[in-house]
Amino acid sequence: MRTLCASTLIGEFFVIGFAGLVAMKSDDLTNAAVWTVCGIGMLFSVLLCGMITRPGGVQLGWALQIALVASGFVVPTMFVLGVAFGALWWASVHYGRRIDAVKARWAAQAEAQAPAGS
C-alpha cells in the first residue's frame, strides 16, 4: 500500500505546485499567500509519504484529498484534478491493502513450507 499511496502523493506534490503557478495569476491573491498555502500543501504531501503506514496516515491522506477538491474554489480546474486524485487515492488504498494481504498470505505459505531445520 505504501508504494501506491506514496506515488499518488508525489503526483499531488507536483499538481499543488502547478496550481500555485495558476493561482498567482489571480488579482485577488498575493504571491505570499499563494505560496504559503501551496508550500504547506506540498510539504504535507511529501511528509505524508512517510506516514502512510502509521495510525491515521490514510485519514490524513483523505484530508489532503478534500483540500485539493476545495482548492477548486480558487483554481476551478482543481475541482476536476481533486476528484481525479481522490479516485487515485481510493484505488491506492484499496488495492494496496489487497496487495499487502496477498503478500502476507504468500509469506505465511512460504514459511509453512520451509523445512523445520532451516
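Owing to the predicted nature of the structure, the values given are computational and were not obtained by experimental measurement. (Residues numbered from 1 in each chain as written. Predicted model: local features only at pLDDT ≥ 70, side-chain atom pairs only at ≥ 80, totals over all residues. Heavy atoms only, no water.)

> Could you clarify how one ought to interpret the nonpolar core in this entry?
Nonpolar side chains in soluble globular proteins tend to end up buried together. In terms of nonpolar packing, the biggest core is built from 22 residues, with Leu9, Ile52 and Trp89 touching the most fellow members. Those residues in contact with leucine 9 that sit more than four places away from it in its chain are Ser45, Leu48, Cys49, Ile52, Leu64 and Trp89. (Core = buried A, V, L, I, M, F, W, Y, C linked by side-chain atoms within 4.5 Å. Buried < 20%, exposed > 50% of the residue type's maximum accessible area, 1.4 Å probe, protein only. Contact = heavy atoms within 4.5 Å.)

> Mind showing me how you'd approach helix H3 (residues 57–70) here?
Because an α-helix completes one turn every 3.6 residues, residues spaced three or four positions apart along the sequence face the same direction. The terminal C-alpha atoms of H3 lie 20 Å apart, and with 14 residues this matches the ideal 20 Å at 1.5 Å per residue to within 8%. If you check which residues of H3 are buried, you get Gly57, Val58, Gly61, Leu64, Gln65 and Leu68. Here the buried residues of H3 occupy an arc of 110° about the axis, which is enough to place them on one side. Exposed side of H3, more than 90 degrees from the buried face: Gln59 and Ile66 are the residues found there. Residues of H3 that are buried sit in contact with helix H1 (2–23), helix H2 (31–51) and helix H4 (77–113). (Helix = DSSP H or I, 4+ residues; strand = E, 2+ residues; numbered from the N terminus. Expected span 1.5 Å × (residues − 1). Arc of directions from axis to C-beta.)

> I'm lost on H2 in this one. Help?
Here H2 spans 30 Å end to end across 21 residues, near enough to the 30 Å set by a 1.5 Å rise per residue. Within H2 the residues assigned to the buried category are Val34, Cys38, Gly41, Met42, Ser45, Leu48 and Cys49. Angular distribution of buried residues about the axis of H2 spans 125°; they occupy a single face of the element. Among the exposed residues of H2, those pointing more than 90 degrees away from its buried face are Ala32, Ile40 and Leu43.

> How should I be thinking about the packing of aromatic side chains in this particular structure?
Given two aromatic rings, their pairing is described by the distance between the two centres and the angle made by the two planes. All chains considered together, the criterion is met by 3 aromatic pairs. Ring centres 5.3 Å apart and planes at 85° place the aromatic pair phenylalanine 13 and phenylalanine 14 in the edge-to-face group. Ring geometry for tryptophan 90 and tyrosine 95: centres 6.1 Å apart, planes at 80°, overall edge-to-face. (Phe/Tyr/Trp six-rings, centres within 6.5 Å; stacked < 30°, edge-to-face > 60°.)

> Mind showing me how you'd approach a nonpolar patch on the surface here?
Among the surface-exposed residues, Ile10, Phe14, Phe18, Leu21, Met24, Trp35 and Val46 lie close enough to one another that they form a single nonpolar patch of about 630 Å² accessible area. Put simply, the parts of the chain that give the nonpolar patch at least two residues each are H1 and H2. When residues of the nonpolar patch are assigned to their parent elements, the largest contribution, 4 residues, is made by H1. Among the secondary structure elements, phenylalanine 14 is positioned in helix H1. (Patch = residues over 30% accessible without salt bridge, like charges linked within 9 Å, V, L, I, M, F, W, Y side chains within 5 Å. Areas by Shrake-Rupley, 256 points an atom, 1.4 Å probe, with all protein chains shown as cover. Salt bridge = Lys/Arg side-chain N within 4 Å of Asp/Glu carboxyl O.)

Everything listed here is a matter of geometry and, on its own, says nothing about what the molecule does.
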